[in-house]
Amino acid sequence: MRNAIDRRTFLKQAGALTAAASLPFGLVNVAWGKKPTEKFTFAYISDAHITQIRGTEFVANFDKGLQRAALELNFLDPKPDFVVFGGDLAQLGKREEFEHGRELMKDVTIPIKWVIGEHDYYLDLGAYWQEHMAPLHYSFDHKGVHFVALNSILTHDEWTFRRWPTAQERMHQMARLDNPDGSPFMVKAEQREWLKKDLAKVPKDTPIVILSHSPLYKIFRPWNFWTDDADEVQAILKPYQNVMVFHGHVHQVLYNQIGTITFNAFMATAWPWPYPVTYSQLPNKVPEITVFMNRADPFKERDGTGWGNITMDGGEIHHYELWENTPRTVEKMPGMKYPADTKFQDPKSRIPAQTQY
Ligand SMILES: [Fe+2]
Ligand SMILES: [Fe+2]
């Protein structure tokens, strides 16, 4: 019952937000260049980590997260034009996990734009993904916005092709969070060249949305909250006036602004990660502008998980639908220097940390 009420409240809130975001036409024109962009929404589900135990048995909690996101998506009004899946559909890259995950999403009636995560890649190096879901990187245009899906979880050839005796061992190593034998993520030179060529035909004032799995900046290397050639990728994006990067992988509310590039993370449907700054004393660069999510409550199965949707209307309004926690909205509209949480950016308005630990 509680969930049903939450969903209705959310739908009402989402409707109000959409109305509030309607800008005077002139302003939209200024912000979005010569061709006014049609308003639209898309949804974002990420990090389902479907995990096979044995045979047809899978970790039920992770299954339920993905099922719930897929179900709520179908209730959205207006219907989003498409949904991005932000990577880590599988836990250990197995065919059984992919097929089970796709089965759980079978009732999604809008197109799915797939972005590959490291848990999807390091068993068969993207073979299943390319055959059944999507290329590892690609671009498309939608209502005046240029979208690019990148494979941001590549790493050194030595690590990928020579270091591990079996594909299973390689997958297990990459699936660990705090791994001294791990290797940093990269977009790599070949894909950066493709990106340059892809963007060469795009006018500088066209809004660009980059979909990556890892953040395209450097937060905390020991956990691979990090893309090693992020600076080079940012340099390619620098000449463009409106660039937004949406990513998964970090399993938490996280947003940032570097130059003209806005970054937004999405929640996982599987489990939340802590913020490196709250967990480790090692140097890290969690963005100062990010208002942390109040701590996940371990007694609530779905706290710290969720999904989101984005309204593009001359800017971006990113709504986090957080199950068992307070929904959050992060906006970056024309004239704003950095994205901000409309309700909680002011320290006086923040939700106090949970105290039952
Ligand atoms: Fe993940
Ligand atoms: Fe990941």
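Residues numbered from 1 in each chain as written. Chains lettered and ligands numbered in written order. Predicted model: local features only at pLDDT ≥ 70, side-chain atom pairs only at ≥ 80, totals over all residues.

Moving on, we get to the sheet that holds strand S6 (residues 138-142). As summarised here, the arrangement of the six strands in space is S6-S7-S8-S9-S11-S10, forming an open sheet in which the pairing is mixed. Across the chains shown, the open sheet's two edge strands, defined by having one partner strand only, are S6 and strand S10 (255-258). Across the sheet, the mean angle from the axis of one strand to that of its neighbour is 20°, orientation sign disregarded. In the sheet, strand S8 (residues 208-212) pairs with strand S9 (residues 243-247) via five bridges, with the strands oriented parallel. Within the sheet, the bridge partner assigned to Val209 lies in S9 and is Met244. (Pairing = 2+ DSSP bridges. Helix = DSSP H or I, 4+ residues; strand = E, 2+ residues; numbered from the N terminus. Axes fitted to C-alpha atoms, helices over the stretch in contact; angles between N-to-C directions.)

Here the focus is the pairing of strand S13 (residues 316-323). In terms of burial, S13 is largely enclosed, as eight of its eight residues are buried. Alignment of strand S12 (residues 305-312) against S13, held across eight bridges, turns out to be antiparallel. Its bridge partner lying in S13, Thr305 is registered against Trp323. Connecting S12 to the next strand, S13, in antiparallel fashion are three residues, including Gly314 with a positive phi near 85°. The sheet contact formed by S13 and strand S14 (residues 328-332) spans five bridges and is antiparallel. Paired with Tyr320 across the bridge in S14 is Arg328. Between S13 and S14, which pair antiparallel one after the other, the connecting turn spans four residues, and Glu324 there sits at a positive phi close to 60°. (Buried ≥ 20, exposed ≤ 12 C-beta atoms within 10 Å, placed from the backbone.)

Mapped onto the fold, Ser139 is located in strand S6. A sequence separation of 71 residues divides Ser139 from Ile210, and the C-alpha atoms of the two residues are 9.0 Å apart. In this structure Ser139 touches His146, Phe147, Val148 and Asp198, once residues within four positions along its chain are discounted. (Contact = placed C-beta atoms within 7 Å.)

Before going further, it helps to spend a moment on the confidence of the model for the chain. Considering every residue of the chain, the mean pLDDT works out to 89; 88% of them sit at 70 or more. Confidence drops under pLDDT 50 across residues 1-35; counting only partners more than four residues distant or on other chains, this segment forms 36 contacts. (pLDDT = per-residue confidence, 0-100.)

When we look at burial in helix H8 (residues 167-174), the residues that qualify are Arg170, Met171 and Met174. Projected down its long axis, H8 shows its buried positions confined to an angular sector of 100°, all on one face. Residues of H8 that are buried make contact with helix H5 (118-121). (Arc of directions from axis to C-beta.)

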